[in-house]
Amino acid sequence: MNKKFFIICLFFIFLFLFPFYYQFSFSKYIFNDSFTATKIQIDKKPIIEIIGISNTNTGYEKYANSTHVIGLRVKITEKNIAINHFNRDTIQILVNDTFITPSIKVFLLSDNHGEIIYDIMLSKLTGNGNLSIVFPEGIIEDSFGQKNIFQKFDTDIFIDNIAPISTCEEISIVNDKSQYIIQSNENLRPVDGWNFYNTNSFLSKVFSSPIYYPITITDYAGNISEVFVQVQHAKNIMLYYATHNTGYSINTFNHSGEISGKQTIIDSSHNKSERILTYLEGDVDSSMLKARVFDYTYWGENTTDICNSSEIKYSYGYSPSSTSWYDISGQNAIRFLNKIALQLGGYGHNTAGNTCSNKINPIPEEIAKQNLYGLSGIAFQLRDCEEYSIVYQIYVPSIGWLKASSDGEETTYAHDKPFSAIRMNIVPKSEKQRFKNYWNRVIYTDYVE
């Protein structure tokens, strides 16, 4: 019974497990499916960009002319360059949208990690207008055949090769002074000693005396024009002077840069200036003007004589001395042409038979005819004057005009070479060097106005 029961149990266990046996045997084959995505490489076109701009027109970098150098720093981004035609022959320059042919220099600064840096230097830029640079399509090509696109960059720099054009006006103001205004057709750089009037295209300055000389005005691009300042009506401070030359009479006083002794230059005369008479008028102390001379006489050192017309004593050498000065408040003041003037030197240097104070050694006729004697050096100064300078220039026969001097400097060619003409002017200190430079244009010539 127990045996039979055991057999029956085994039979049912076999029937129960038999289906599972076949199921596990069929599942021994396992299928694994996998998918590979397609690899796509996306490459951009070469990129050209300006990363920096420079201009040698310091302080006015938004303007330039043909004298300046414009620098452009350019970056090219591309890792796979196959063709590189970035050079001065492919770069194009426009001014006012017109192609020009300036000097172009291209320098390679670096080439690494798919980035190339160039410096472009532009000079001799012609024309007038906005400056642009063009990089044509296709000057950079990568290994996939992609090319840079056409690009035009505005540099924000204005090219100006036209000098400023101006007009001038003198306006009389209080106390016999004049305001002189220079109006330009464009903005100007500052001028030392002058002020802008309303806008940067107007320059203005107040003058106390008549004056004629040029100044240079400069526009933002560096173009220059010469403008002549011609102040005629200012009479707040007036300097008058006259030279007495052998054989010539004095009929009037000169002023404001006029040539005294002009006729001797015109006549090619060697007649010398034996004395100078000068005075100040206007809103100024007349004794502010100081002077000394070197007087070259026939009688030589340690001698004196008396002026034939004024009875003022003059001496050989420095008068009053090499370190002291005369002014109109001293004994050298005389009335001449109804004016009180300071006299320097004396008339009679080249008069035949004239003697010095010791009444001996008269001037021989032949010596007198040669006109060898007179004033050979002179210096002027304005006492305690911070705003104005005095400028003076002498003419020496056979030599011409000498370099202009000012404010106490002695002007002389040689102490044995007297002069025959002179011109003088009182000028604002800010204009002194410009004024002297103008007068110095005629050095060693026989210039007359």
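Throughout, residues of each chain are indexed from 1 in the direction in which the sequence is written. The model is predicted, so local features are restricted to residues of pLDDT at least 70 and side-chain atom pairs to those at 80 or more, both for listing and for counting; the totals for chains, interfaces and linings are taken over all residues. Excluding hydrogens and water, the side-chain values take into account all heavy atoms of the structure.

When its secondary structure is counted, the chain shows four helices and 33 strands. It is over C-alpha atoms that the radius of gyration is taken, and the globule rule equals 2.2 Å times the number of residues to the power 0.38. The globule rule puts the C-alpha radius of gyration for 449 residues at 22 Å, and the 46 Å found for the chain is more than 25% above it. Across its three principal directions, the C-alpha atoms of the chain cover 190 × 45 × 40 Å. Exposure categories follow from relative accessible area, calculated using a 1.4 Å probe and restricted to protein chains: below 20% of the type maximum is buried, above 50% is exposed, and the middle band is partly exposed. Here the chain holds 449 residues, and the buried ones make up 46% of them. Note on areas: Shrake-Rupley, 1.4 Å probe, and residue coverage restricted to the protein chains presented here. Per element, the accessible surface of the chain, about 24200 Å² overall, is 51% carbon and sulfur. Just so you know, the count uses Lys and Arg for positive and Asp and Glu for negative, and it drops His and the chain ends. By convention, the point assigned to a charge is CZ for Arg, NZ for Lys, CD for Glu and CG for Asp. Between the mean site of the 38 positive side-chain charges and the mean site of the 46 negative ones, the chain shows a separation of 9 Å. Strands are runs of DSSP state E lasting at least two residues, helices are runs of H or I lasting at least four, and both sets are numbered from the N terminus onward.

Let us look at the sheet that holds strand β11 (residues 151–159). The strands making up a sheet associate through backbone hydrogen bonding, with each pair oriented either parallel or antiparallel. One open sheet holds the five strands; their spatial order is β2-β11-β9-β5-β6, and the pairing between them is mixed. Each end of this open sheet is capped by a strand with a single partner; those strands are β2 (63–64) and β6 (98–100). Here a strand pair is declared whenever DSSP counts at least two bridges between the two strands. Two elements, strand β5 (residues 92–95) and β6, share three bridges in a ladder whose sense is antiparallel. In the strand pairing of β6, V95 is matched with T98.

Below, the discussion takes up a nonpolar patch on the surface. A contiguous nonpolar patch, built from V69, F107, L109 and M121 and spanning about 310 Å² of accessible area, is present on the exposed surface. Tracing the sequence through the fold places M121 in strand β8 (residues 115–123). What makes M121 partly exposed here is its relative accessible area of 30%. Residues qualify for a patch when their relative accessible area is over 30% and they have no salt bridge, like charges being joined within 9 Å and the nonpolar side chains of Val, Leu, Ile, Met, Phe, Trp and Tyr within 5 Å. Salt bridge criterion: a side-chain nitrogen from Lys or Arg within 4 Å of a carboxyl oxygen from Asp or Glu.

This part covers the sheet that holds strand β3 (residues 70–77). Spatially, four strands are ordered β1-β3-β8-β7 in an open sheet, and the strand pairing comes out antiparallel. Taken across any chain shown, the strands that pair with only one partner, and hence form the sheet edges, are β1 (47–55) and β7 (103–112). This sheet shows a mean twist of 20 degrees between the axes of neighbouring strands, independent of strand direction. Relative to β8, β7 runs antiparallel, the two sharing nine bridges. To define axes, lines are fitted to C-alpha atoms, for helices over the stretch in contact only, and angles between the resulting N-to-C directions are given on a 0 to 180 degree scale.

Right, let's talk about the pattern of salt bridges for a bit. One side chain can pair with another of opposite charge once the charged atoms of both are near each other. What the rule picks out here adds up to 14 salt bridges. Between R73 and D119 there is a salt bridge, and its shortest N-O distance comes to 2.9 Å. Here the residue R73 occupies a position in strand β3, and D119 occupies one in strand β8, the gap between them amounting to 46 residues. Put simply, R383 and D327 hold a salt bridge, and the shortest N to O gap is 3.1 Å. Of the two residues, R383 is situated in the loop between β28 (374–382) and β29 (388–396) and D327 in strand β25 (residues 326–327); the sequence distance between them amounts to 56 residues. A residue is classified by how much of its surface remains accessible, and R383, at 29% relative accessible area, is partly exposed. On the basis of relative accessible area, D327 is assigned to the buried category, the value being 15%.

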